[in-house]
Amino acid sequence: MRILAFLFAGLFGLVLATAHARDYKAGSLEIADPWSRATPKGSSVAAGYMTIKNTGSTPDRLISGSSDAGSGFQIHEMKMENGVAKMRPIKEGLEIKPGDTIELKPGSLHVMFVGLKKPLAAGDHINATLVFEKAGTVSVEYEVRAMGAEPGHHNMPGMKM
């Protein structure tokens with residue numbers, strides 16, 4: 001029985017370590033759960049999502065980035081106008097006010113990986129660098145989830161959720 005309890009405690013610790021391995025910090029900013037979706041063959045762009053929380057007392061701004069997935073990186077917003085989804089780059093960057101949590105998610109704010117070198121498949125990982133006005137740079141890893149994945153769902157192939 002002790003061996004079973006020891007194994008369970010070890011497995012639980014591994015799960016917790018894995019859950020927190022996807023959280024990053026840059027200055028007073030906390031970046032959580034960076035992820036993307038698998039792309040169809042021939043796609044030249046992919047969106048990236050995450051949550052950014054400012055625990056500090058001054059605003060900061062996500063101003064740029066880069067990734068190993070493609071040749072470009074852009075910060076975008078998507079809005080519905082007269083029943084039409086319109087996406088546009090946010091040239092001035094994305095402000096994160098003190099105490100605010102900004103969620104980059106499908107159908108809303110997101111980053112774009114432009115000029116993909118190859119299609120993204122569920123289970124892949126994208127290494128990226130985020131550049132903040134005050135906090136500087138931080139390296140993050142985006143988990144690529146299945147096409148149609150939603151925030152908070154770790155839709156990996158072969159896993160029943």
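Going by the structure above, here's the rest.
Nothing here was measured: the structure is a model prediction, and the numbers come from that model. (Residues numbered from 1 in each chain as written. Predicted model: local features only at pLDDT ≥ 70, side-chain atom pairs only at ≥ 80, totals over all residues. Heavy atoms only, no water.)

Draft legend 1. Region of the structure containing unusual backbone geometry. The phi dihedral of D33 is positive, around 50°, even though this residue is not glycine. Along the chain, D33 turns up in strand β2 (residues 29-37). The phi angle at N82 is positive, at roughly 55°, despite the residue not being glycine. In this fold, N82 is placed in the loop between β5 (70-81) and β6 (84-89). (Helix = DSSP H or I, 4+ residues; strand = E, 2+ residues; numbered from the N terminus.)

Draft legend 2. Examining the packing of aromatic side chains more closely. Under the definition given, this model contains three aromatic pairs. Plain terms: the ring middles of W35 and Y49 are 4.7 Å apart, the flat faces sit at 45° to each other, and that makes the pair tilted. Residue W35 is found in strand β2, and its partner Y49 is found in strand β3 (residues 45-54); the two are separated by 14 residues along the sequence. Y49 matches W35 in its accessibility class, with the two residues each being buried. These aromatic residues form a ring-pair network of at least three members: F73, F113 and Y142. (Phe/Tyr/Trp six-rings, centres within 6.5 Å; stacked < 30°, edge-to-face > 60°. Buried < 20%, exposed > 50% of the residue type's maximum accessible area, 1.4 Å probe, protein only.)

Draft legend 3. Inspection of the side chain of T39 at higher detail. Mapped onto the fold, T39 is located in the loop between β2 and β3. The exposure class of T39 is buried, given its relative accessible area of 9%. Among the polar contacts made by the side chain of T39, one reaches the main-chain amide nitrogen of L120 at a distance of 2.8 Å. (Polar contact = N/O pair within 3.5 Å; in protein donor to acceptor, adjacent residues only side chain to side chain.)

Draft legend 4. Main features of the environment of K97. Counting through the fold element by element, K97 comes out in the loop between β7 (94-96) and β8 (101-104). Look at K97 and you get partly exposed, because its relative accessible area is 45%. Once the C-alpha coordinates of K97 and G56 are considered, the two residues, 41 residues apart in sequence, prove to be 8.7 Å apart.

Draft legend 5. Focus on the pattern of salt bridges. What the rule picks out here adds up to eight salt bridges. For the salt bridge of K118 with D124, the shortest nitrogen-to-oxygen distance reads 4.0 Å. Accessibility expressed as a relative area gives 21% for D124, which makes it partly exposed. Among the charged side chains, a salt-bridge network with shared partners connects R22, D33, E143 and R145. (Salt bridge = Lys/Arg side-chain N within 4 Å of Asp/Glu carboxyl O.)

Just distances and angles here, no functional claims.
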